[in-house]
Amino acid sequence: MPRKTDGIEIEIHPRPTKGEDGKPLLYVRPAKGRKRSFKYLDDYCTKYRGVRPGEIQQVFDVVMETVGRWVSDGYRVETPFGSFAPKLKLLGEHTDPKTITGRDIVYAGLEFIPSKDFVKECGRNPEGYRKSDAPVGNSQMHDPKAMDAALQQCMKLGYATVPEFMIFSGLKRDSAKTYLDSLCQGEHPRLWKVRESRRWLYFPKKQAPKK
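What counts, and at which threshold
- Residues numbered from 1 in each chain as written.
- Predicted model: local features only at pLDDT ≥ 70, side-chain atom pairs only at ≥ 80, totals over all residues.
- Heavy atoms only, no water.
- Salt bridge = Lys/Arg side-chain N within 4 Å of Asp/Glu carboxyl O.
- Buried < 20%, exposed > 50% of the residue type's maximum accessible area, 1.4 Å probe, protein only.
- Helix = DSSP H or I, 4+ residues; strand = E, 2+ residues; numbered from the N terminus.
- Contact = heavy atoms within 4.5 Å.
- Phe/Tyr/Trp six-rings, centres within 6.5 Å; stacked < 30°, edge-to-face > 60°.

Peer 1: What's the story with the pattern of salt bridges in this structure? I'm lost.
Peer 2: Any two side chains of opposite charge can pair, so long as their charged atoms come close to each other. The full count for this structure, using the stated rule, is nine salt bridges. Of the charged contacts in the structure, one is a salt bridge between arginine 52 and glutamate 55, with a shortest N-O distance of 4.0 Å. Across the pair glutamate 196 and arginine 199 runs a salt bridge whose closest N-O atoms are separated by 2.9 Å. Take arginine 199: its relative accessible area is 36%, and that puts it in the partly exposed class. The structure contains a network of salt bridges with shared partners spanning Lys177, Asp181 and Lys193.

Peer 1: Would you mind going over the side chain of serine 115 with me for this structure?
Peer 2: As for its position among the elements, serine 115 is in the loop between strand 5 (105-114) and helix 3 (116-122). When near neighbours in sequence (up to four residues on either side) are disregarded, serine 115 contacts Pro80, Phe81 and Gly82.

Peer 1: How should I be thinking about the packing of aromatic side chains in this particular structure?
Peer 2: Ring pairs (aromatic) are described by centroid distance and by the angle formed between their planes. In total, this model carries seven aromatic pairs according to the counting rule given. With a centroid separation of 5.1 Å and 80 degrees between ring planes, the pair formed by phenylalanine 38 and phenylalanine 60 is classed as edge-to-face. Remark: phenylalanine 60 occurs in helix 2 (residues 55-72) and phenylalanine 38 occurs in helix 1 (residues 38-48); sequence separation between them is 22 residues. According to the relative accessible area criterion, phenylalanine 38 is partly exposed, its value standing at 30%. Among the residues examined, phenylalanine 60 registers a relative accessible area of 38% and is labelled partly exposed. Aromatic ring contacts, followed pair by pair, group Tyr40, Tyr44 and Tyr48 into a single cluster.

And the structure:
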């Protein structure tokens, strides 16, 4: 059966909760790297939507300045994309409204509620979905051969670092550090780690530096 090559590429990741079989339940999200820059948008609209070069940038600059000013004054601003309003945070713990003054309130971000038309437009996907070739979550961490191969690649300089191990193993930062740290533990550790400035260096045990 031919492999699907169109549609939205998705990644599969484990959730913290587990299913009846004891394995983590899964969720999906768009694959990393699927990104279009604002310049791409400007160029696209110039080529296919009949706008002048730089016109999209100009319009967005004006809208951002105006909407930002109104939101900063406490208004909810409605646009074709949705509505924008300020989020506020109350400092401290209060039970009596009379104790609250303007100094107890701070700006805490932006609330965006997408419009129905925008949600509908973003939900158009006639091509369906296709799975990425990336491993499911950090499942490769449980593949000894894959991890050993990644570690050997890192050890070409005589030591491994977390960022470098992430590249060869495909693990996220926390998982990469957890795995390398695990090799430094137990009765027969394989690695020895040394702090250098802001990073950890992981050496093979037989090359562990003397204290």
